[in-house]
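Breakdown of the fold
Each chain, written out:
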Amino acid sequence: MNITKKAITILLSITMLATIGCGSEEKKPAASAPVQKQELKYRVMPTATSDLFEAGVKPLLEKKGYKLTPVKIKDSIQREIALDEGNIDFHVDAHDAWIQAVNKSKGTHLLAVLPLPTVPTGIYAGKKTDLKQIADGDVIAIPNDASNLARSYQLLERLGWIKLDEKKDKDHVTGKDIVSNPKNLKFQEMKGPSINAIKTDVAFIILRGSDAYNAKLDFNTVLFAESSDSMKDSMRIALCVSEKNKDASWVKDIIAAYKSPEFKEFTKKNGTFWILPKYMQ
């Protein structure tokens, strides 16, 4: 059978295309693994956990050769979006309950990978300086963001001033879930950082640890606070990263620094108000 030059050319072209196709399929790149980084960007703000990181953990990481670059982001939502988009690598200013709420509402993919020493939420004096002075109709100012609102109501229940619906998830309760309020207390829900400024207008105030810290309050003046036993891991401030980086070696190095004997000794010398995670107790 005679084969024309044109036919041979077509057959060769088909063979070459098949060979190239097979070769390209064999050389498909593997799924990318987390890349080791020497420069880490983190969100820094004047909070207790941020200051603790800079003073007690950052030096340990720098000894390992990391360059730590702070990035100022005031808004909490923008902080999480920056983390999700890779504009920062990690932060130490939120707890798991908050991270899960942001993931649900904003479609982010973030993880709280390690609970950290946390300043407890507590009740502080307003116009009244003793919890025994509580009276019918007193007003208590509490933070209004969802996770810390629930946290505040749980604190008030532990104190015995209210009772919450047992059928509800305590981490998501609101004022509507109060089933018993014998003293007819009123709750002024407002932005956490603003609460200390109006303390002379209400009987008592509830402050998140970060707000009490920023207000430069003496933690020894707290009238009632969360304890290590009562604080859930979901409410502890945590090391937060993007889900895609959870297994990165630099994340493991940060975790190792927090778990190190050097850091544990540092916390002992710098404040007795911390509620320590189990790995530090």
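Cut-offs and rules
Residues numbered from 1 in each chain as written. Predicted model: local features only at pLDDT ≥ 70, side-chain atom pairs only at ≥ 80, totals over all residues. Heavy atoms only, no water. Helix = DSSP H or I, 4+ residues; strand = E, 2+ residues; numbered from the N terminus. Contact = heavy atoms within 4.5 Å. Areas by Shrake-Rupley, 256 points an atom, 1.4 Å probe, with all protein chains shown as cover. Pairing = 2+ DSSP bridges. Core = buried A, V, L, I, M, F, W, Y, C linked by side-chain atoms within 4.5 Å. Buried < 20%, exposed > 50% of the residue type's maximum accessible area, 1.4 Å probe, protein only. Axes fitted to C-alpha atoms, helices over the stretch in contact; angles between N-to-C directions. pLDDT = per-residue confidence, 0-100. Parallel < 35°, antiparallel > 145°, perpendicular 65-115°, else oblique. Left-handed = near helix turned anticlockwise from the far one by under 90°. Nonpolar A, V, L, I, M, F, W, Y, C, P; charged D, E, K, R; others polar.

What follows covers the overall build of the protein chain. Looking only at helices and strands, the protein chain has eight helices and 12 strands in total. Sequence separation of at least 24 residues holds for 73% of the intrachain contacts in the protein chain that already meet a minimum separation of 6. For the protein chain, the accessible surface area stands at approximately 15,500 Å², while carbon and sulfur atoms represent 54% of it.

Glancing now at the pairing of strand 5 (residues 122-125). Where strand 5 and strand 10 (residues 204-207) come together, four bridges link them in antiparallel fashion. Looking across to strand 10, one finds that A125 is bridged to F204. Two elements, strand 5 and strand 11 (residues 224-225), share two bridges in a ladder whose sense is antiparallel. What sits directly across from I123, in strand 11, is F224.

You will see that N184, though not glycine, has its phi angle at about 55°, which is positive. When you line up the elements, N184 lands in the loop between strand 8 (178-180) and strand 9 (186-190). Notably, K216 is not glycine yet its phi reads approximately 60°, a positive angle. Mapped onto the secondary structure, K216 falls in the loop between helix 6 (209-214) and strand 11.

A separate point is the nonpolar core. Counting 39 residues, the largest nonpolar core has F53, F90, L239, W250 and Y258 as its most contacted members. For this core, the elements supplying multiple residues, two or more each, are strand 1 (39-43), helix 2 (48-63), strand 3 (90-95), strand 10, strand 12 (237-242) and helix 7 (249-258). If near-sequence neighbours (up to four positions away) are discounted, F53 is found in contact with Y42, K58, P59, L61, L68, F90, V92 and Y258. If you look at the next biggest cluster of nonpolar residues, it comprises 20 residues, including L155, W161, V173 and F204.

This part covers the sheet that holds strand 11. Strand order in the open sheet formed by five strands is 9-6-10-5-11, with mixed pairing between adjacent strands. In this open sheet, the two edge strands, each paired with only one partner strand, are strand 9 and strand 11. The sheet strands contacting helix 5 (residues 146-159) are strand 5, strand 6 (139-143), strand 9, strand 10 and strand 11, and the helix crosses strand 6 at an angle near 140°.

With that settled, the discussion passes to the confidence of the model for the protein chain. Looking at the protein chain, pLDDT values average 86 and 86% of them are 70 or higher. For the stretch residues 1-35, pLDDT sits under 50, and the model shows five contacts to residues farther than four places along the chain or on other chains.

Attention shifts here to the packing of helix 2 against helix 7. Look at helix 2 against helix 7: their axes get within 9 Å of each other, and the N-to-C directions meet at 120°. Comparing the axis directions of helix 2 and helix 7 gives the class oblique. For the pair helix 2 and helix 7, the sense of crossing is right-handed. Touching F53, V57, L60 and L61 of helix 2 are D253, I254, A257 and Y258, all from helix 7. Of the residues contributing to the contact of helix 2 with helix 7, the split by class is seven nonpolar, no polar and one charged.

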